[in-house]
Amino acid sequence: MHFLLGKPPGDRLLLMGNEAICRGALEAGVAVASAYPGTPSSEISNNLFALSQEAGNRLYFEFSVNEKVAMEVAAAAGAAGLRSLTCMKHVGLNVASDVLLTLAYVGTEGGMVIVTADDPAMHSSQNEQDNRLYARFANLPMLEPTTPQEAKDMTAAAFEISEALKLPVILRTTTRTSHMRGPVTLGPIPAEKRTRGAFQADYMRWIPVPLTAKIRHGILLEQIEKGRDLAEASPFNRIEGTGPLGILASGAAACYVADAIRELGAEDEVTFLRLGFTFPPARNLFRRLLAGTERVLVVEELEPFQEEALRLVAQEAGLATPILGKGTGHFTRLNEYSPAEVTRVIAELLGRDPAPPEQPDFSELPELPLRPPSLCPGCPHHATFTAARTALEELGLAERTIYPADIGCYTLAVLPPIQMSDYLLCMGSSIGTSAGFSVATDQNVVAFIGDSTFFHAGIPSLINAVHNRHRFCLVILDNSTTAMTGHQPHPGATLTPPGYDRAVVPIERVVRACGVDMVKRIDPYRTEEAVAAFKEAFTSGALSVVIAEAPCLLYKKKLAGRAKA
Amino acid sequence: MKRLRVLFRGVGGQGTLLASRLLGEAAMEQDIPVRMSEVHGMAQRGGVVESAVLLGGLESPLVAEGQADVLVSFEPLETLRALPKCSRRTTIVTNTRPILPYTVKSGQAAYPDVEACLDFLRRNYRACHAYDAEAEAEAIGSPKVVNVLLLGTLLGTGLVPLEPGHLRETIRALVKPRFVELNLAALDRGLALADGREAPA
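Residues numbered from 1 in each chain as written. Chains lettered and ligands numbered in written order. Predicted model: local features only at pLDDT ≥ 70, side-chain atom pairs only at ≥ 80, totals over all residues. Heavy atoms only, no water.

Q: Before we go on, may I ask you to explain the packing of aromatic side chains in this structure?
A: Two aromatic rings, taken as a pair, are described by how far apart their centres are and by the angle between their planes. All names here are of chain A. In this structure the tally under the stated criterion is 15 aromatic pairs over all chains. Aromatic side chains phenylalanine 385 and phenylalanine 448 sit 4.5 Å apart centroid to centroid with 40 degrees between the ring planes, which places their arrangement in the tilted category. Taken as a pair, phenylalanine 385 in helix 15 (residues 380-394) and phenylalanine 448 in strand 16 (residues 444-450) lie far apart in primary sequence, 63 residues in all. Of the residues examined, phenylalanine 385 reaches a relative accessible area of 2% and is grouped as buried. With a centroid separation of 5.9 Å and an interplanar angle of 65 degrees, the aromatic rings of phenylalanine 454 and phenylalanine 455 are classed as edge-to-face. Taking the relative accessible area as the measure of exposure, phenylalanine 455 reaches 7% and is therefore buried. (Phe/Tyr/Trp six-rings, centres within 6.5 Å; stacked < 30°, edge-to-face > 60°. Helix = DSSP H or I, 4+ residues; strand = E, 2+ residues; numbered from the N terminus. Buried < 20%, exposed > 50% of the residue type's maximum accessible area, 1.4 Å probe, protein only.)

Q: Any chance you could explain the environment of tyrosine 203 of chain A here in plain terms?
A: Counting through the fold element by element, tyrosine 203 of chain A comes out in helix 9 (residues 203-206). For the pair tyrosine 203 of chain A and valine 106 of chain A, spaced 97 residues apart in sequence, the C-alpha separation works out to 10.0 Å.

Q: Explanation requested: the side chain of asparagine 237 of chain A in the structure shown.
A: Residues and elements named next belong to chain A. On the secondary structure map, asparagine 237 appears in the loop between helix 10 (210-233) and strand 9 (238-240). The exposure class of asparagine 237 is buried, given its relative accessible area of 6%. There is a polar contact of 2.9 Å between the side chain of asparagine 237 and the backbone nitrogen of phenylalanine 277. Excluding its chain neighbours within four sequence positions, the residues that come into contact with asparagine 237 are Ala231, Arg274, Leu275, Gly276, Phe277, Ala282 and Leu285. (Polar contact = N/O pair within 3.5 Å; in protein donor to acceptor, adjacent residues only side chain to side chain. Contact = heavy atoms within 4.5 Å.)

Q: Would you mind showing me how to read the nonpolar core here?
A: Grouped burial of nonpolar side chains is what soluble globular proteins tend to show. Residue and element names in this part refer to chain A. Grouped together as the largest cluster of nonpolar side chains are 81 residues, with contacts concentrated most on Leu48, Met71, Leu85 and Leu143. A per-element tally of this core places helix 7 (residues 148-165) first, with seven residues. Counting the residues that make up this core, at least three belong to each of domain 1 (11-233) and domain 2 (237-350). Here leucine 143 is in contact with Met154, Ala158, Ile161, Val169, Ile170, Leu171, Arg172, Phe236, Gly276, Phe277 and Thr278, once residues within four sequence places are set aside. (Core = buried A, V, L, I, M, F, W, Y, C linked by side-chain atoms within 4.5 Å. Domains from an automatic or database assignment.)

Q: Is there a simple way to explain the UniProt feature "domain: Thiamine pyrophosphate enzyme TPP-binding" (unreviewed entry) in chain A in this structure?
A: Within this structure's numbering, the places UniProt gives as "domain: Thiamine pyrophosphate enzyme TPP-binding" (unreviewed entry) are residues 406-546 of chain A. Along residues 406-546 of chain A one finds 34% helix and 15% strand; the C-alpha atoms at either end are 15 Å apart. (UniProt positions renumbered as here; feature names shortened; annotations may be inferred.)

Q: Please clarify how unusual backbone geometry should be interpreted in this entry.
A: Residues other than glycine predominantly adopt negative phi, and peptide bonds predominantly adopt the trans conformation. Residue and element names in this part refer to chain A. Residue proline 40 follows threonine 39 across a cis peptide bond; omega there is 10 degrees. Along the polypeptide, proline 40 turns up in the loop between strand 2 (32-35) and helix 2 (42-52). Residue phenylalanine 279 is joined to proline 280 through a cis peptide bond whose omega torsion reads 0 degrees. The phi dihedral of histidine 487 is positive, around 65 degrees, even though this residue is not glycine. Position of histidine 487 relative to the elements: it lies in the loop between strand 17 (473-478) and helix 18 (507-513). A relative accessible area of 7% places histidine 487 in the buried class.

Q: So what exactly am I meant to see when it comes to the domain arrangement of chain A here?
A: Many structure descriptions define interface size as the accessible area lost when the parts assemble. Domain assignment breaks chain A into domain 1 (11-233), domain 2 (237-350) and domain 3 (380-563). Each of domain 2 of chain A and domain 3 of chain A has a C-alpha centre, and these two points are 48 Å apart.

Q: What am I meant to see in the pairing of strand 2 of chain A here?
A: Consecutive residues of a regular strand have side chains that alternate between opposite faces of the sheet. Residues and elements named next belong to chain A. With burial as the criterion, each face of strand 2 is covered, one bearing Val32 and Ser34 and the other bearing Ala33 and Ala35. Where strand 2 and strand 3 (residues 60-63) come together, four bridges link them in parallel fashion. Bridging across to strand 3, alanine 35 finds its partner in phenylalanine 63. Pairing of strand 2 with strand 4 (residues 84-89), which is carried by four bridges, proceeds in the parallel orientation. For valine 32, the partnering residue across the bridge sits in strand 4 and is serine 84. (Pairing = 2+ DSSP bridges.)

Q: Which parts of the structure should I look at to understand the sheet that holds strand 13 (residues 295-299) of chain A?
A: Consider a sheet: its strands pair through backbone hydrogen bonds, and that pairing is either parallel or antiparallel. Residue and element names in this part refer to chain A. Taken together, the five strands give an open sheet; going across it, the order is 9-11-10-13-14, and neighbouring strands pair in mixed fashion. Because the sheet does not close on itself, it has two edges, and the strands there are strand 9 and strand 14 (323-324). Alignment of strand 9 against strand 11 (residues 270-275), held across three bridges, turns out to be antiparallel. Its bridge partner being in strand 11, arginine 238 is matched across the sheet by arginine 274.

Q: How should the sheet that holds strand 16 of chain A be read in this particular structure?
A: Residue and element names in this part refer to chain A. Taken in spatial order, the five strands line up as 15-16-17-19-18 in an open sheet, and their pairing is parallel. Edge positions in the open sheet fall to strand 15 (401-402) and strand 18 (518-522), since each of these has one partner strand only. Direction of pairing for strand 17 relative to strand 19 (residues 544-549): parallel, over a ladder of six bridges. Counterpart to leucine 474 in the pairing with strand 19 is valine 545. The sheet strands contacting helix 19 (residues 527-538) are strand 16, strand 17, strand 18 and strand 19, and the helix crosses strand 18 at an angle near 165 degrees. (Axes fitted to C-alpha atoms, helices over the stretch in contact; angles between N-to-C directions.)

Structure below.
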């Protein structure tokens with residue numbers, strides 16, 4: 001039995017935020033879920049997949065080809081009246097944003113939850129965009145947990161809110177809340193739930209052509225105003241303590257504020273508004289905070305989202321209470337916050353001067369060598385990059401080659417000793433940017449993309465390259481799994497979890513169907529043949545694709561171990 | 001109980017996450033308020049891995065600069081790298097066996113002298129419990145139990161209000177059955193390797 005089901009209601013499990021989200025979804029009777037994996041959201045998809053494999057949970061889950069498709073699958077389930085969930089990392093929501101902004105217009109019947117896991121400080125990401133702005137952009141309600149317990153409770157509540165408003169609800173975490181672990185008291189899982197929906201056609205609702213979309217836009221704005229009433233009354237927004245200094249905080253920052261208040265013994269000096277239902281802004285609560293304090297400090301990572309909302313309320317209410325935060329230089333818009341930094345700012349405002357921790361003199365220590373992450377020992381990508389490099393050097397092309405890169409383990413090729421990653425934007429960008437480099441320069445272009453990433457966002461750009469006669473070589477690193485995020489299956493993968501019975505779509509057939517004539521499959525460990533194939537591809541004078549096939553050794557070993565146990 | 005911040009540091013693949021997880025689970029079983037943080041993803045690919053266990057009612061899942069009460073480090077270079085999160089009142093439990101980073105293997109940088117570093121730790125910190133955990137693990141029968149050895153030593157310092165019995169039960173519940181005995185042996189050996197018990201901080 002899955003560990004999330006291992007204890008009865010009322011008992012506690014020590015859960016990661018992501019695991020707690022899965023338990024919350026089960027307690028809410030989720031019937032359909034879909035995802036494309038991405039750190040820090042991946043454990044949600046992994047656990048929902050494992051739960052869906054157990055018949056008793058009556059849950060359909062799929063690893064969709066990308067976030068856009070995942071959201072469409074969940075949206076349709078919601079339209080058919082089922083409870084559905086889709087989860088992704090922050091940049092994944094960019095991919096799904098085309099769905100999101102119109103989905104807000106048509107809404108949902110069954111409760112629908114969209115989990116976005118943001119990554120302030122970019123532990124495993126290419127940017128630290130603040131997806132709270134998507135809630136405002138799409139006009140959708142948003143909840144933000146600070147603890148695993150809240151992650152579970154808010155997920156369950158999000159389904160209720162979604163059904164009350166007939167709008168999808170965004171549940172936004174950050175790396176710290178997704179990967180925070182803490183005790184979670186379990187609630188009951190309903191014995192009955194709807195697993196088959198029924199779609200009621202109604203073009204005025206579900207077909208956003210100009211005539212209908214104009215009406216739906218108005219309805220969306222009415223519904224999100226009702227969401228504001230729910231936010232005002234939500235138990236996830238609460239004021240703790242009373243004092244002349246107001247503090248408003250959400251997410252991980254709220255934890256740092258709570259600890260700081262206790263550590264400074266400032267319970268009687270601070271009025272602390274903890275926000276969990278974070279969009280639309282609970283104006284009355286904001287007004288109470290502004291009216292009852294001498295000044296308000298806003299503590300939130302990344303963009304001044306609540307700070308600006310608070311300023312708006314202050315202006316509307318004619319309150320001149322000073323608002324401190326990013327606008328006043330008390331906090332930065334960069335990076336995630338540290339508990340020590342939050343404590344220091346609050347202490348300063350309270351006129352405290354806590355002694356800094358006593359540190360020894362580090363000057364006698366030598367400079368510490370860096371330990372950058374690297375491709376795993378035995379990773380087949382090493383062999384592929386080496387063979388490609390050898391071929392380029394033997395052809396005398398190495399000096400004038402650009403290497404557009406993509407998102408996956410192989411992005412680590414940017415580091416020594418490989419250093420064959422030159423330009424990167426997002427999932428699939430290696431192919432589109434290769435097209436650009438090939439028309440803009442006389443340089444040689446060799447792009448690298450992983451198998452999962454190719455399916456996710458590579459296919460339209462490959463068709464574009466064929467159609468527009470772009471000349472470059474695309475190397476598809478096919479290790480038969482989505483390795484970086486923890487070995488999830490993808491449409492071309494043959495290295496899959498036990499019992500995984502979905503159809504396989506071979507990469508070579510897709511590449512040929514896109515119209516590429518020059519296609520080579522290599523085993524990167526057969527060095528001589530690999531180098532020869534690369535040379536042929538690099539000198540073909542046309543668009544070429546080399547598929548380097550060798551399984552992820554780490555995952556192969558893991559699967560073998562599982563089979564034995 | 002007093003609030004206690006335990007910071008774990010290691011290199012991807014050493015089992016730091018399991019060690020912190022065992023500590024957290026045992027704490028929950030003993031009704032000690034606990035919160036933890038872990039880092040997953042790219043960092044695990046041979047890079048530095050950090051996790052934290054916060055006991056006694058702290059809400060923050062992180063250990064910030066100067067805040068660690070105890071540092072449990074799986075690798076001596078990473079012990080040094082974690083020092084900004086410690087202060088003179090920090091107790092340090094550390095493995096002394098280096099894992100050379102690529103930057104050292106390729107000759108771009110020099111690995112610090114381990115003896116000199118241990119001397120620095122002993123002179124400047126509250127206590128330093130240091131030994132070659134890999135050699136100890138091999139003596140027990142598996143290089144994989146480095147994490148539970150160091151966890152045992154953490155308990156041996158007396159700073160964490162946990163009964164070894166609770167941790168034994170947690171190991172039985174969480175570790176694969178065929179590795180339970182090895183891990184229990186590692187826990188006991190680790191306890192014995194603590195360089196004397198300390199009064200609670």
